[in-house]
Amino acid sequence: MMPAMQTPALPERPILVVDDDAKIVRLVRTYLERDGFAVVTAADGPAALDAIETHRPALVVLDLMLPELDGRAVIRAVRRDEEAGATPILVLSARGTTIDRIAGLEDGADDYLPKPFSPAELVVRVKAILRRATPNAASPEPTATSTSVAAPGRSAGGRIAHNDLVLDPERYEVTVAGAMVQLTNVEFRLLQTLLEADGRVLSRDQLLDAVWGSEQSEVLDRTVDVHIRRLRDKLGDDPDAPRYVATVRGAGYRSAPVAG
């Protein structure tokens, strides 16, 4: 008998729902509260930023078409903030084209659910994001499409050293040359998955399954490329002379060779 997937503990901090449509807010709030989540709300961009600063939410469900300050500007502002920068963000928007989704992911969203949407699916995605964001659940479970063999640079405490980069799964921290690098949950898990693969090439499908999970019903292949690009930017990694993440054209990504 297969063991049931462990349900993550409810976060101590609330879920922030940001939308100027009161009906959408009530619907999302109702479904989240049914599953035991505490919920706070905001109806425009400035109110969203105030709520993030005040409540430090565990996750933000964010509409893009907001009064005063749109959702993309909110995402960019959050990602620039030293304390709130790693807050998971799930975009919930009527802008559902591929271009819109890629733009939202490039701004720093962790996931994107277009309207009209299933409230039940939204709750599933919220739980999946929170499960990925839990430090002690940071390591992907072994699957047929993900690798979990420790790299040679892995210490007894679980830290992974790769060139001048150190990733600490227990502290959920990454440093480069001793300087802390602030990553989102998705970026952290992408980097960890690549480093733990120990130089083996992982396809986009393997990375999607390892980082987003098989429960996701629709995740774009371009999602991986967008987050890899953002990860490289934050690490200061040159794709033409990579130290951390290398592209294998036509196949996927791998950790870059360790300098001799």
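Worth saying up front: this structure is predicted, and the values here are computed from it rather than measured. (Residues numbered from 1 in each chain as written. Predicted model: local features only at pLDDT ≥ 70, side-chain atom pairs only at ≥ 80, totals over all residues. Heavy atoms only, no water.)

K.L.:
In this structure, what is going on with the pattern of salt bridges? I would like to understand it.
P.N.:
For side chains bearing opposite charge, pairing can occur when the charged atoms are close. Under the defined criterion, the tally for this structure stands at 16 salt bridges. Salt-bridge contacts for Arg171 lead to Asp168; the nearest nitrogen and oxygen are separated by 3.8 Å. Taking relative accessible area as the criterion, Arg171 reaches 59% and is therefore assigned exposed. Overlapping salt bridges bring together Asp19, Asp63 and Lys115 as one network. (Salt bridge = Lys/Arg side-chain N within 4 Å of Asp/Glu carboxyl O. Buried < 20%, exposed > 50% of the residue type's maximum accessible area, 1.4 Å probe, protein only.)

K.L.:
Quick question: what am I supposed to make of the confidence of the model for the chain here?
P.N.:
When pLDDT drops low, the exact placement of atoms in the prediction is not to be read closely. Mean pLDDT for the chain: 84, with 84% of residues reaching 70 or above. Within the chain, the element-level pLDDT minimum falls on helix 4 (residues 98-107), averaging 82, and the maximum on strand 1 (residues 15-18), averaging 98. Low pLDDT, under 50, characterises residues 1-5; the predicted model gives this stretch one contact beyond four residues in sequence or across chains. (pLDDT = per-residue confidence, 0-100. Helix = DSSP H or I, 4+ residues; strand = E, 2+ residues; numbered from the N terminus. Contact = heavy atoms within 4.5 Å.)

K.L.:
Help me understand the packing of aromatic side chains in this model?
P.N.:
Two numbers describe a pair of aromatic rings. These are the distance of the centres and the angle of the planes. One pass over the full model with this rule turns up one aromatic pair. Geometrically, the ring pair formed by Tyr172 and Phe188 is stacked, given 4.1 Å between the ring centres and 25° between the ring planes. Of this pair, Tyr172 sits in the loop between strand 7 (165-168) and strand 8 (173-176) while Phe188 sits in helix 6 (residues 185-196); the two residues are 16 residues apart in sequence, bridging distant segments of the chain. Given a relative accessible area of 18%, Tyr172 falls into the buried group. (Phe/Tyr/Trp six-rings, centres within 6.5 Å; stacked < 30°, edge-to-face > 60°.)

K.L.:
Can you help me understand the sheet that holds strand 4 (residues 89-93) in this one?
P.N.:
Strand-to-strand pairing in sheets goes through backbone hydrogen bonds, with the strands running parallel or antiparallel. Ordered in space as 2-1-3-4-5, the five strands form an open sheet in which the pairing is parallel. Each edge of the open sheet is held by one strand with a lone partner, namely strand 2 (39-42) and strand 5 (111-114). For this sheet the average axis-to-axis angle between neighbouring strands, irrespective of direction, equals 20°. Direction of pairing for strand 4 relative to strand 5: parallel, over a ladder of four bridges. Bridge assignment links Leu90 to a residue of strand 5, and that residue is Asp111. Here helix 2 (residues 45-55) sits on the sheet in contact with strand 1, strand 2 and strand 3 (59-62), set at roughly 175° to strand 1. Strands strand 1, strand 3, strand 4 and strand 5 of the sheet are contacted by helix 5 (residues 119-133), whose axis makes an angle of about 180° with strand 5. (Pairing = 2+ DSSP bridges. Axes fitted to C-alpha atoms, helices over the stretch in contact; angles between N-to-C directions.)

K.L.:
Any chance you could explain the nonpolar core here in plain terms?
P.N.:
Generally speaking, a soluble globular protein has its nonpolar side chains buried in company with each other. Within the largest apolar cluster, 27 residues are counted, with the highest numbers of intra-cluster contacts made by Leu165, Leu167, Val174, Leu191, Leu235 and Val245. Of all elements in the fold, only strand 7, strand 8, helix 6, helix 7 (204-212) and helix 8 (221-235) reach the threshold of two or more residues within this core. No other element matches helix 6, which puts six residues into this core. Excluding its chain neighbours within four sequence positions, the residues that come into contact with Leu167 are Gly158, Arg159, Ile160, Glu173, Val174, Phe188, Leu191, Gln192 and Leu195. (Core = buried A, V, L, I, M, F, W, Y, C linked by side-chain atoms within 4.5 Å.)

K.L.:
Can you help me understand the pairing of strand 3 in this one?
P.N.:
Along strand 3, one buried face is formed by Leu59 and Val61 and the opposite face, lined by Val60 and Leu62, is buried too. In this sheet, strand 3 lies alongside strand 1 in parallel orientation, the contact comprising four bridges. Counterpart to Ile15 in the pairing with strand 3 is Leu59. In this sheet, strand 4 lies alongside strand 3 in parallel orientation, the contact comprising three bridges. If you follow Val60 over to strand 4, its bridge partner there is Ile89.

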